[in-house]
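Read off the chains here:
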Amino acid sequence: MEKREAHLTRKTKETDIAINLNLDGTGKSDVSTGIGFFDHMLEGFSKHGFFDLECKVKGDLYVDGHHTVEDTGIVLGQAIAKAVGDKKGIKRYGSFILPMDDALCLVAVDLCGRPYLNFDCTFPTQKVGELETELVREFFYAVSYSAAMNLHVKMLDGINTHHMIEATFKAFAKALDCAVSYDERVTGVLSTKGSL
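Definitions and limits used
Residues numbered from 1 in each chain as written. Predicted model: local features only at pLDDT ≥ 70, side-chain atom pairs only at ≥ 80, totals over all residues. Heavy atoms only, no water. Salt bridge = Lys/Arg side-chain N within 4 Å of Asp/Glu carboxyl O. Helix = DSSP H or I, 4+ residues; strand = E, 2+ residues; numbered from the N terminus. Buried < 20%, exposed > 50% of the residue type's maximum accessible area, 1.4 Å probe, protein only. Expected span 1.5 Å × (residues − 1). Polar contact = N/O pair within 3.5 Å; in protein donor to acceptor, adjacent residues only side chain to side chain. Pairing = 2+ DSSP bridges. Disulfide = S-S within 2.5 Å. Axes fitted to C-alpha atoms, helices over the stretch in contact; angles between N-to-C directions. Contact = heavy atoms within 4.5 Å.

Undergrad: I would appreciate a short explanation of the pattern of salt bridges in the present structure.
TA: For the coordinates displayed, the defined rule picks out eight salt bridges. When the shortest N-O distance is used, the salt bridge between Asp71 and Arg10 registers 3.1 Å. Of this pair, Asp71 sits in helix H2 (residues 66-84) while Arg10 sits in strand S1 (residues 5-11), and the two are 61 residues apart along the sequence. We classify Asp71 as buried; its relative accessible area is 5%. Looking at Arg10, the relative accessible area reads 26%, which means it is partly exposed. Between Arg185 and Asp183 there is a salt bridge, and its shortest N-O distance comes to 2.7 Å. For Arg185, a relative accessible area of 70% translates into the label exposed. The buried category is assigned to Asp183, whose relative accessible area is 14%.

So this is what it looks like as structure tokens:
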């Protein structure tokens, strides 16, 4: 089986990003973005999706975290798209409802080649650690559009912002893991059009 890996870099005046992603990994990660809670979320994404992820980011954090978080989403989305390749034999769809204490989050993914984000989450606080909570939507928007996936994120319940955000990243990991996994019943791509 061909390795499903991607090695990408992106450098602008605002950020300098290098990401290595292996969709068929064991959940190993080496993450450094300069935002501790964001690192924790990406490590959780790696662990719970069984993706090996190396993510090194230098961003203009003296401004705020926006460019760092959004641009990381852009490159991660590109890495997902590159690593998944021609999508032959994969399930294409994945969904997961993940509980984390008070939080309950639903994430559904379709690797259809059409970007779309539906993000239905309202967080009680404006920051967790050094991460501005409004940037969580920016991250998933960037991932969904760069990977050309349909992505629905819906918070079903929750009162603690830390738990709620962590549930979104872990549920996304589990849904994506399902979507990129192989199904022996699928010949070619899972589409009546014959392409994704």
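Now that the structure is up, let's keep going.
Undergrad: Got a minute to help me understand helix H4 (residues 161-180) in this structure?
TA: Since the α-helix packs 3.6 residues into each turn, any two residues three or four apart lie on the same face. Taking 1.5 Å of rise per residue, 20 residues should cover 28 Å, and H4 covers 29 Å from first to last C-alpha, within 8% of that figure. The buried fraction of H4 amounts to 16 of the 20 residues, a majority that puts the element mostly inside the structure. For H4, the N-terminal cap is Asn160; the gap from its side-chain oxygen to the backbone nitrogen of His162 is 3.0 Å.

Undergrad: Can you walk me through helix H1 (residues 36-49) in this structure?
TA: For H1, built from 14 residues, the straight-helix expectation of 20 Å at 1.5 Å per residue is met to within 8% by its first-to-last C-alpha distance of 20 Å. Considered for burial, the residues of H1 that qualify are Phe37, Phe38, Asp39, Met41, Leu42, Gly44, Phe45, Ser46 and Gly49.

Undergrad: In this structure, what is going on with the pairing of strand S5 (residues 93-100)? I would like to understand it.
TA: On any regular strand, side chains alternate: one points to one face of the sheet, the next to the other face. Of the strand pairs in this sheet, S5 and strand S6 (residues 103-110) are connected by eight bridges, and their pairing is antiparallel. Bridge assignment links Phe96 to a residue of S6, and that residue is Val107.

Undergrad: Where do I start with the side chain of Arg92 in this structure?
TA: On the secondary structure map, Arg92 appears in the loop between H2 and S5. At a separation of 2.9 Å, a polar atom in the side chain of Arg92 contacts the main-chain carbonyl oxygen of Leu190.

Undergrad: I tried to follow the state of the cysteines on my own but got confused; where do I start?
TA: Linking two cysteines covalently via their sulfur atoms produces the bond known as a disulfide. Enumeration according to the criterion identifies zero disulfides in this entry. Not part of a disulfide, Cys178 finds its nearest cysteine sulfur in Cys112, a span of 15 Å.

Undergrad: Is there a simple way to explain the sheet that holds S5 in this structure?
TA: Two modes of strand pairing occur in sheets, parallel and antiparallel, and in both the strands are linked by backbone hydrogen bonds. On the basis of which strands lie adjacent, the open sheet formed by four strands has the order S5-S6-S10-S7 and mixed pairing. What marks the edges here is a single partner per strand, and that holds for S5 and strand S7 (116-120). On average, each strand axis in the sheet is tilted by 10° relative to the strand beside it, whichever way the strands run. In this sheet, strand S10 (residues 150-157) lies alongside S7 in parallel orientation, the contact comprising five bridges. By the bridge assignment, Asn118 is partnered in S10 with His152. Each of S7 and S10 is contacted by helix H3 (residues 134-147), which is oriented at about 160° to S7, the strand it contacts most. Along the sheet, H4 makes contact with S5, S6 and S10, crossing S5 at roughly 150°.

Undergrad: Can you walk me through the sheet that holds strand S3 (residues 29-32) in this structure?
TA: Taken together, the four strands give an open sheet; going across it, the order is S1-S2-S4-S3, and neighbouring strands pair in mixed fashion. Looking along the sheet, the strands with just one partner apiece sit at the ends: S1 and S3. Taken pair by pair, the neighbouring strands of this sheet meet at an average axis angle of 5°, ignoring direction. Against the sheet, H1 contacts S3 and strand S4 (52-59), and its axis sits at roughly 160° relative to S3. Relative to strand S2 (residues 15-22), H2 is tilted by about 35°, and along the sheet it contacts S1, S2 and S4.

From the geometry alone we can't say anything about function, so treat these as descriptive.
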